[in-house]
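One-letter residues, chain by chain:
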Amino acid sequence: MPKRRVFITGHNGLVGSAIARRLSEHSDIELIYADRATLDLTCQENVNQFFLNNEIDEVYLAAGKVGGIHANNTYPAEFIYQNLMMECNIIHAAHLAGVNKLLFLGSSCIYPKFAEQPMKESALLTGVLEETNEPYAIAKIAGIKLCESYNRQYDRDYRSVMPTNLYGPNDNFHPENSHVIPALLRRFHEAKLRDDKEVIAWGSGKPMREFLHVDDMAAASVYVMELDKSVYLANTQPMLSHINVGTGVDCTIKELVETVAKVTGFKGNIVWDSSKPDGTPRKLMDVSRLAQMGWKYSISLESGLRQAYQWFLEHQEEFRG
């Protein structure tokens, strides 16, 4: 029996690499990759030709231009243009090539700035987005609607998952451009090496956030992709088809920081600088839709942080600077 040929876009990134690790365990799957040097996903002609040349059966659309608040604020045009072009090109090329199964990976930033907590899928398009990453969020919303539109018009089976805050192997530990967990792991690690007596943390520590290990995200992605179509359709709606992926459990930033200190072995004091902003009081996903479909996370925050820290220790030479 021939193997299923599965194309993972963004296979070098945090999520794409985790999906690749997960699928590499399947003996009936042949993974197809293309890095940036091989294939420019923003070029429609190149993407169409790639699909025609490779006889692809399924697609995981994990590629995208990503970054923190500073990058989103500085390069809004690049964030909306590049993400829109990648999504349009890949989804349309998949359709033209007769690929019937595709999974689009979005982001929790698709929800309104003041969405009721925990955030349900039905909150989509009910309010104003967070200003700092609106262009990125608009592109991700467009990706959901692209999938739904090809399903409605051409009876494709294109699905969408929206992850909460992710962390784990292949995360970005750059000193300026990383997200909260890799940034904290690096700061506390370096403070331990210097034998610092204290680490200053921003804000009050009271805001609450949800975090999901990227290996759990990969497991959920494969689970949703491989769900029987009747189950997927029974739990979604044609124009509200995306699925939240998270733990459904949040913690305070104070609890997160204290756990990072424990994991890294930092013995000094943590001092909170309450003059610094806290940000949104709470961001939590409602994951009941996915739970009804039979999936739940398995990696606890402390266990996941230990794994992420170990990965950083083994790769820290890559993040010098």
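The coordinates are above.
Now for a look at the structure at hand. (Residues numbered from 1 in each chain as written. Predicted model: local features only at pLDDT ≥ 70, side-chain atom pairs only at ≥ 80, totals over all residues. Heavy atoms only, no water.)

**Points about the sheet that holds strand β8 (residues 208-209)**
Note: strands within a sheet are paired through backbone hydrogen bonds, in either parallel or antiparallel orientation. The mixed open sheet is built from three strands, whose spatial order is β11-β8-β13. The open sheet is flanked by β11 (251-252) and β13 (282-283), the only strands paired with a single partner. (Pairing = 2+ DSSP bridges. Helix = DSSP H or I, 4+ residues; strand = E, 2+ residues; numbered from the N terminus.)

**Some thoughts on the layout of surface pockets**
Size it by volume and the second largest pocket reaches roughly 210 Å³. Lining the second largest pocket we find 16 residues, and of these F211, V249, C251, S300 and L301 sit closest to its centre. Put simply, the parts of the chain that give the lining of the second largest pocket at least two residues each are α9 (253-264) and α11 (301-315). In the lining of the second largest pocket, the residues fall into eight nonpolar, three polar and five charged. (1 Å grid on protein atoms, 1.4 Å probe; cavity = no way out; pocket = protein on both sides within 12 Å on 5 of 7 lines; lining within 4 Å. Points joined across faces, edges and corners; volume = space filled by probe spheres on them. Nonpolar A, V, L, I, M, F, W, Y, C, P; charged D, E, K, R; others polar.)

**Some points on the packing of helix α6 (residues 180-194) against α11**
The interhelical angle for the contact between α6 and α11, taken along N-to-C directions, is 65°, at an axis separation of 11 Å. Considering the angle they form, α6 stands roughly perpendicular to α11. Relative to α11, the crossing made by α6 is right-handed. Between α6 and α11, the residues in contact are I181, L185, R186, H189 and K192 and L301, L305, A308, Y309, F312 and L313, respectively. Along the lines of polarity and charge, the residues of the contact of α6 with α11 split into eight nonpolar, one polar and two charged. (Axes fitted to C-alpha atoms, helices over the stretch in contact; angles between N-to-C directions. Parallel < 35°, antiparallel > 145°, perpendicular 65-115°, else oblique. Left-handed = near helix turned anticlockwise from the far one by under 90°. Contact = heavy atoms within 4.5 Å.)

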